[in-house]
Amino acid sequence: ARSWETTKVRTTCPYCGVGCQLNLHMKGEEIVKVTGVEGAQPNDGRLCVKGRFGYDFIYSDERLTTPLIKQADGTFREASWDEALDLVANKFKAIIAKYGPEAVAGVSCARSTNENSYQMQKLVRAVFQSPNIDHCARVCHAPTVSGLMKSFGTGGMTNSIQEFANTKLLFCIGTNMTEAHPVASTFVKNGARNGAKLIVCDPRRHRLADYADIFAQMKVGSDVAFLNAIMNVLINEDLYDKEFVRDHCENFEELKACVMKYPPERGEEISGVPKETIIEIARMLGTVKPAMLIYTLGITEHTCGTDNVISVANLQMLLGNIGKENTGVNPLRGQNNVQGACDMGALPNVLPGYQSFTDPAVNAKFAKAWGVDSIPAKNGLMIAQMLDGLLDKTIRGLFLFGENLVQAEPDIAHVEKCMAAAEFLVSTDIFMTETTRFAHVILPAASWCEDEGTYTNCERRISRVRKIKNAPGEAKPDWWIFKQIAKRFGHEWASNSAREIWDNELAVLCPSFAGVKYYRLDGDGIQWPCPSEDHPGTQILHKDGNFTRGKGLLVPLEWTPPAEVPDAEYPFVLSTGRRLYHYHTRTQTGRAKGLNDLLPEEYADISDIDAGRMGIADGEKIRVWSRRGSVEVTARVSERIQPGLVWMAFHYREGNANWLTNKAYDRVTMTPEYKACAVNISKL
Ligand code: SF4
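Note that the coordinates shown come from a computational prediction; the quantities given were computed from them, not determined experimentally. (Residues numbered from 1 in each chain as written. Predicted model: local features only at pLDDT ≥ 70, side-chain atom pairs only at ≥ 80, totals over all residues.)

## Some thoughts on helix α3 (residues 114-127)
Inference 1: In a regular helix each residue adds 1.5 Å, so 14 residues correspond to 20 Å; α3 covers 19 Å between its end C-alpha atoms and thus fits that length.
Inference 2: One or two residues past the end of α3 sits Gln-129, with phi positive at roughly 60 degrees. (Helix = DSSP H or I, 4+ residues; strand = E, 2+ residues; numbered from the N terminus. Expected span 1.5 Å × (residues − 1).)

## Regarding the domain arrangement of the protein chain
Inference 1: By the assigned domains, the protein chain splits into domain 1 (87-138 + 337-527), domain 2 (158-332) and domain 3 (572-683).
Inference 2: The centre of domain 1, based on its C-alpha atoms, is set 31 Å off from the matching centre of domain 3.
Inference 3: Taken residue by residue, the interface counts 15 residues in domain 1 and 19 residues in domain 3.
Inference 4: Of all the elements in the fold, those that place two or more residues in the side of domain 1 that touches domain 3 are α17 (405-408) and α18 (412-420).
Inference 5: With three residues, the single largest contributor to the side of domain 1 that touches domain 3 is α18.
Inference 6: Of the residues belonging to the side of domain 1 that touches domain 3, the class tally is seven nonpolar, four polar and four charged. (Domains from an automatic or database assignment. Contact = placed C-beta atoms within 7 Å. Nonpolar A, V, L, I, M, F, W, Y, C, P; charged D, E, K, R; others polar.)

## Re the environment of Gly-195
Inference 1: Considering the arrangement of structural elements, one finds Gly-195 in the loop between α6 (182-193) and β9 (197-201).
Inference 2: Distance from Gly-195 to Leu-315, taken between C-alpha atoms, is 23 Å for residues 120 residues apart in sequence.

## As for unusual backbone geometry
For residues that are not glycine, phi is negative in most cases, and the peptide bond is trans in most cases.
Inference 1: Residue Pro-290 is bonded to the preceding Lys-289 through a cis peptide linkage, with omega at -5 degrees.
Inference 2: At the junction of Trp-528 and Pro-529, the peptide bond is cis and its omega measures out at 0 degrees in the coordinates.
Inference 3: Mapped onto the elements of the fold, Pro-529 is located in the loop between β19 (526-527) and β20 (552-553).
Inference 4: Unusually for a residue other than glycine, Asn-251 sits at a positive phi of about 85 degrees.
Inference 5: Assignment of secondary structure puts Asn-251 in the loop between β11 (249-250) and α9 (252-259).

## Digging into the site of the ligand
Inference 1: Close contacts around the ligand come from 14 residues, with Cys-13, Cys-16, Cys-20, Cys-48 and Gly-51 the closest.
Inference 2: Contributions of two or more residues to the shell around the ligand are made by α1 (49-53) and α6.
Inference 3: For the shell around the ligand, the residue count by class is nine nonpolar, four polar and one charged. (Near = placed C-beta within 6 Å.)

## Some points on the confidence of the model for the protein chain
Inference 1: When pLDDT is averaged across the protein chain, the result is 96; 99% of the residues are at 70 or more.
Inference 2: For this predicted complex, the interface score ipTM comes out at 1.00, while the overall pTM is 0.96. (pLDDT = per-residue confidence, 0-100.)

## Focus on the sheet that holds β9
Pairing between the strands of a sheet is mediated by backbone hydrogen bonds and can be parallel or antiparallel.
Inference 1: The parallel open sheet is built from five strands, whose spatial order is β10-β9-β8-β12-β13. Strands at the two margins of the open sheet, each flanked by one partner only, are β10 (214-216) and β13 (329-331). Taken pair by pair, the neighbouring strands of this sheet meet at an average axis angle of 15 degrees, ignoring direction.
Inference 2: Docked against the sheet, helix α13 (residues 305-318) engages β8 (169-173), β12 (291-295) and β13, running at close to 175 degrees with respect to β12. (Pairing = 2+ DSSP bridges. Axes fitted to C-alpha atoms, helices over the stretch in contact; angles between N-to-C directions.)

## Observations regarding the sheet that holds strand β1 (residues 7-12)
Inference 1: Taken together, the three strands give an open sheet; going across it, the order is β1-β2-β3, and neighbouring strands pair in antiparallel fashion. Edge positions in the open sheet fall to β1 and β3 (30-36), since each of these has one partner strand only. Along the sheet, successive strands turn relative to each other by an average axial angle of 30 degrees, direction set aside.
Inference 2: Here strand β2 (residues 21-27) runs beside β3; their pairing, made up of six bridges, is antiparallel. Residue pairing for β3: Met-26 is matched across the bridge by Ile-31.

What follows is the structure, encoded as structure tokens:
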């Protein structure tokens, strides 16, 4: 090629769960420009700032390029692959021989490909014979999987992103889409411009609220009471879809009896939303069809996270807004492949394709394919239990795949204590992170653009990720790393590429993916379920009210408050989330210069009323502290924050909200209550 000529490679964005399709404009191995793929699902050419400018990290000088082994003095030395892999295999063998297979555990990676997550859970389940496999869906959307599984029978988003532009009503609750899923939010705004009504419910008046017909500024953690009050009005005013409920749902009378205890007055008392607004929302929902409900982590990251998910499912079933175009319950997944990592069985309670290890036929099918007698047929530990297990020594060996738990889990001081107590910790990663520093062995991995593979976005769309360059130094694809460890346990895994793993294993073992083959993934990918190679994939789940579980289950739910509520000592509620310019713990966006310039530090957003009362000016340093820790951050004073609320993110080490957050967990899934804990603030 001449010096000014570029080639174009289509791939999938490495950041959020929207899964935008990108064209990488390449000059040799260098990306010189990124554009959106026009006409493509799901983004139709649109990109946010992260997708367009967040790629520098793959070229960073800080990339890990050789295996590292920790020495007695705590420093790392370089090692050969053989030495590092032998050490990992021998340590895990010794732990398993002495303490049994349940003394080891693995945490897979929602940033990496489906094929890598599949291999990781296979390593833990088949080779180590341990049930202890989990990944970071635990800290975000695990309640979505459990809640929607209970209500509908399938734990995935029911409809698709581009439908947002075509519906008549959008009900957005607990989702700051403009910053966390920017391209998805553009389709919501298109919908509003096309005449759809928009209802936004959130403790913060974030940007999307500016487009709303009704904005309900709820108190943190009041969702079940608020939604029950809406359903109370729908039933009392005869505004629900009686035919749909009669034909396609069960348990209506039980739900009705429960929501009758939540008249709008009680809804107002708990949620802070005026009863008139609750009634107005219910009447709009009852009369404008079709309607799509969209939510994010404002719903899931609570001690009642699974209840919240079931509650939004109750509402959409009551309205008959399921199984049709431009309707549904639409959770927006955070990480690029958190849907995929769940689908791949990197969860302690299901095998790939959500198949049950307690079903003897399924267990035998996987055991035969993986060359073992059986797969552990019990639920494994969840991440928080693994961490505590490091402390109490029930977990002796932990294998981390690309996860920065130290920064991302609640109560950083506690997580660091757990990590420091680990008998043997191995981490595959692309950078040295706050977490890999605790590892005994670090294995350098190939990154996005350095191997083939697939991601699955939040609308269940399986899309290709393409290789444009070799990994730096001796870094290797994760599937290769897991295969070499398996080999040292005497397991010969046949597949030698991501394509072989998908086509020869996943498509064969999982009915939902049976029709998905690499040769079909060149364009817009395929939405599962896709049971055969002549099947086009599934845009809408539960078509015509035929739920996966048979009838949709209406579940009565009582409201419960957050685990930690404000008191005299800690009078503010801290709620947390992400900001537009950075992604999670910044391992990637932190190496993208332009993005660092746009958001160079962590902030605490506080209300103008509290700031005025306490004499805090915008941009001044404040101290924020909870029962677990204390941080100094810059205050951002905003009229978008309700009095009594402090809002922070977890992108930077300094000022990370997780020094403060509470390790109280959703009762079903052990998802931490990142959205609510009690703090105090003072001017520095
Ligand atoms: Fe990437 Fe999400 Fe931005 Fe799309 S919206 S470009 S997937 S970060």
